[in-house]
Structure formats: C-alpha cells, structure tokens
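Tertiary structure, described
Residues per chain are reported as follows:
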Amino acid sequence: MHPDRVLSGMRPTGSLHLGHYHGVLKNWIALQRQYECLFFVADWHALTTHYDNPLGIEAATWQMVIDWLAAGVDPDKATLFIQSRVMEHAELHLLLSMMTPLGWLERVPTYKDQQEKLTDKDLSTYGFLGYPLLQAADILIYRANRVPVGEDQVPHIEFAREIARRFNNLYGKEPGYEDKARAAIKKLGGKAGKQYEAMRTAYQQAGDSEALAAARALLAEAGSLGQADRERLMGFLEGTGKQILTEPGALLTAASKMPGLDGQKMSKSYNNTIALGEDPEAVGKKVRTMPTDPARVRRTDPGNPDNCPVWQLHQVYSGDEVKTWVRQGCTTAGIGCLECKQPVIDAMQAELAPMQERARAYAADPARVRRVIEQGCDKARELARQTMAEVRESMGLHYS
Ligand code: TRP
Ligand code: SF4
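Just so you know, these numbers come straight off a predicted model, no measurement behind them.

1. Side note on the site of ligand 2
Around ligand 2, the neighbouring residues are T292, D293, R296, C308, V310, V326, C330, C337 and C340. Assessed atom by atom at 2 Å from the grid points, ligand 2 resides in the largest cavity. Counting only elements with at least two residues in the shell around ligand 2, the list comes to α16 (320-331) and α17 (337-363). Per-class residue counts for the shell around ligand 2 are six nonpolar, one polar and two charged.

Right under this line is the structure:
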C-alpha cells in the first residue's frame, strides 16, 4: 500500500477570487500540512473547452500560480506543477484510451450537461469526450489515493476508480503470476508469510474483511518487499491481478458556502466576485453597493437578515457578537445597512492584505515563480516516470 498522497488540479482561470479561496485553497493549505500533496494547473483541460482560443492560457496559468502562492500554498510543503510540462500524463491518457469503453465516457454526467450548457461552443470533440479520462490519467499516474474535489467532480473520481480497476484486471495478471506471488510471500519471512497466508484464506474463503485490512497493513509495513512484490501481494490477497494503478477516492470538500455579492454562489459567470487582488477601496465600494433586504427601503424600516445577502457574508466573517448586533440592529431599524456592512469590509480587507503583499512580491519576481514550478515539474515527472515504467511493462511495451 502507498502512503496517503493527495492530488488536485485547477483549470487556469487567471486571477482567483474569494470563492476559490474559501472553497478550495483554504482546504489545500490545510491538507499540505497533513499529507504529501501535489497541486497542478490543468492547462490541457482548459484546451478541451478553449481549443479555439488558447492564447490566454499561459498568462492565466502564471496569474493563478501567483494567487496560489499568495494565498498560502507552500512550495516547501506541496509540489506545484503544470500538467503540460509533464508529458507522461499524455502517454498514460493514450494508453488508457485503448481500454476505455466509449459508453463509460458518454455516460459521465458532465459530458452532456456541459455540452448543453456551453451552447456557444462546439464540444462534440474527441478531446472533450476524453476529459474524464485525461483527469483519470492525472490522478492514476501519481497513484494518488485522495483527491479533493467539489461535488460536481465526484463522478470523475468514480470513473478514475473504474479505469484503475479495469487496468489492473487486464494487465495485472502477468505470466507466472502465482509463482511470483509465492516467491514474494517467502520474502515476507516465515512468520509474516504464514500470517499473510492465513489472512488471505480467511478473506477469500469467509469474506473476513478484518483479515483483509490486517493483511494490507502487514504488507504496507513489510520492509522486506519491493514495490512490485507489494503490489503483487495486494492483488493476490484479493484474488485480482497486481495492483499497478491505485484506486483513488474523492476527498469531498464541504460545499463552499462562500456567497457572492448578490447572495448567489460567488462565481465569475455571475459577476458577483471579489478578486484576491481587489484593492481595499474597491472592496469597500463593492460591499457598500451590495443589495440588502429589499423590504428595507428607508433607514427607518426594520429589515430581516434572512432576506439579505450581507447577512450571508457575516456568516463567513463575523463572530457571534457581531452577528447578534446585526440581527438586533437590523430587525429594530437600530442600525443602518452601511453600518452593518462595515465589519464585513474590515474583515475582507484584513484577510486580503497579507495575500496581496505576498502576491506583489511574487509578481515582482517572475523568475522565482518559474523556479517553483520548474522544481515541482521535475518532482512530478520523477513520480510519473516510475508509474509509467510499470504501466509500459505490464502492457508489453518493454523494448529493453
Ligand atoms: N476537472 C477539474 C475541474 O474542473 C480539474 C482537474 C483536472 C482535476 N484534473 C484533475 C481535479 C485531477 C482533480 C484531480 O475542477
Ligand atoms: Fe442586511 Fe445588515 Fe441592512 Fe439588515 S442591516 S438589511 S442585514 S445590510
């Protein structure tokens, strides 16, 4: 078994906003302290929908990476890279495409949904149909077992699991499989080998799932096994082939509650965002001109926070004391809306100030940003190469 490895990608959308920060980046920043993390710019994925206008992708990539760094994604903790700089993703995507049933791709819900939604684009392309497979390759090439994504992406993770399973079943049963497994059991040593065999029997004959878990733990800790033997015995345990590709699981991010300036979810397409680079005056102006409870026409009319988008922002930014003050003041017409908005403005400005300071430093030193990405690409490539060597071998593309 591999230790936990987290991987996530973001399409290059240029400057990020507070919705990205509260919905995605804060989570990445927490994960990087806990796990080995890989975060990448999915620039090839951007091409699946922007193939007719690709020229903005590069600038959007650098801008987004600066925002990641400014928000606190730490290149000393996580590996940051650009998808198209690690060519192995393309090779795995190609090889997987040979064994991917068309029907699986056609049934991924985002395929028809997006085609219907983005009517201004012709998305009846090969690349767009293959979007989830490219995403599967992104994940499987690092044997990442945890993939933080939003709810909309869960079918893509499920798809990646099915692809890994199919791959292992097709190519994990090497010639002499059983003999190699037996030889690997010997390497475990007498006592551990016997334990493994007993647990394997308990699982395969009686469906004992505790025995399965215990045997997996035993393999994970066995220092005497190389990677290939470990995969062999993981598969042998369950009666499947060698587990060359790891089945990933979604690490569901709690749906972002970050409301936009109009009470809908914050999103560029609703034009209701505050960018991470928004200057303090603009933040103030945007919040001061936000709509409030429509029933509160005059200052003397009492309002109802439940009908007000500003109240939703207080849920993100204010403590109990301020929230009590708002509810009390609003419902009794004791405070005005501008007064009510001020603590939100202050909190947003305080949140953004340190990010903007870091962003300025990175923007002034593009070479540093490039170095971070270059080092990240090298690291990612090294991991990807290890997987590809095994993938090629298992598919008979060895040529040595
Ligand atoms: N499809 C993802 C999105 O639109 C981006 C992405 C591409 C991704 N490859 C990935 C996310 C691999 C997680 C893992 O948000
Ligand atoms: Fe909204 Fe605050 Fe005005 Fe009440 S006082 S309507 S919560 S902005």
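2. As for the site of ligand 1
Taken together, 14 residues surround ligand 1, and among them R11, Y131, Q135, D138 and Q153 come closest. A distance of 3.1 Å separates an oxygen atom of ligand 1 from a polar side-chain atom of R11. Bound to the protein, ligand 1 loses 91% of the 360 Å² it would expose on its own. Those elements that place two or more of their residues in the shell around ligand 1 are β1 (5-10), α8 (131-140) and β4 (146-149). Along the lines of polarity and charge, the residues of the shell around ligand 1 split into seven nonpolar, five polar and two charged.

3. Regarding the environment of Q243
Among the secondary structure elements, Q243 is positioned in the loop between α13 (227-238) and β5 (249-252). Using a relative accessible area of 24% as the deciding quantity, one classes Q243 as partly exposed. For Q243, the contacting residues outside a window of four places in its chain are N168, E231, M234, G235 and E238.

4. Description of the domain arrangement of the protein
On domain assignment, one finds that the protein holds domain 1 (5-172 + 247-257 + 366-394), domain 2 (177-238) and domain 3 (277-363). The C-alpha centroid of domain 3 is placed 58 Å from the C-alpha centroid of domain 2.

5. Structural notes on the packing of aromatic side chains
Under the defined criterion, the tally for this structure stands at seven aromatic pairs. Considering the side-chain rings of Y177 and F236, the 6.2 Å spacing of their centres and the 75° angle between planes classify their relative orientation as edge-to-face. Here Y177 is found in helix α10 (residues 177-188), whereas its partner F236 is found in helix α13, with 59 residues between them in sequence. By way of ring pairs, the aromatic residues W28, F39 and W68 are connected into one cluster. A cation over an aromatic ring shows up here: R166 above the ring of W104, its NZ or CZ 5.8 Å from the ring centre.

Cut-off values and rules
Residues numbered from 1 in each chain as written. Chains lettered and ligands numbered in written order. Predicted model: local features only at pLDDT ≥ 70, side-chain atom pairs only at ≥ 80, totals over all residues. Heavy atoms only, no water. Near = heavy atom within 4 Å. 1 Å grid on protein atoms, 1.4 Å probe; cavity = no way out; pocket = protein on both sides within 12 Å on 5 of 7 lines; lining within 4 Å. Sits in = over half its atoms within 2 Å of the grid points. Helix = DSSP H or I, 4+ residues; strand = E, 2+ residues; numbered from the N terminus. Nonpolar A, V, L, I, M, F, W, Y, C, P; charged D, E, K, R; others polar. Polar contact = N/O pair within 3.5 Å; in protein donor to acceptor, adjacent residues only side chain to side chain. Areas by Shrake-Rupley, 256 points an atom, 1.4 Å probe, with all protein chains shown as cover. Buried < 20%, exposed > 50% of the residue type's maximum accessible area, 1.4 Å probe, protein only. Contact = heavy atoms within 4.5 Å. Domains from an automatic or database assignment. Phe/Tyr/Trp six-rings, centres within 6.5 Å; stacked < 30°, edge-to-face > 60°. Lys NZ or Arg CZ within 6 Å of the ring centre and 35° of its normal.

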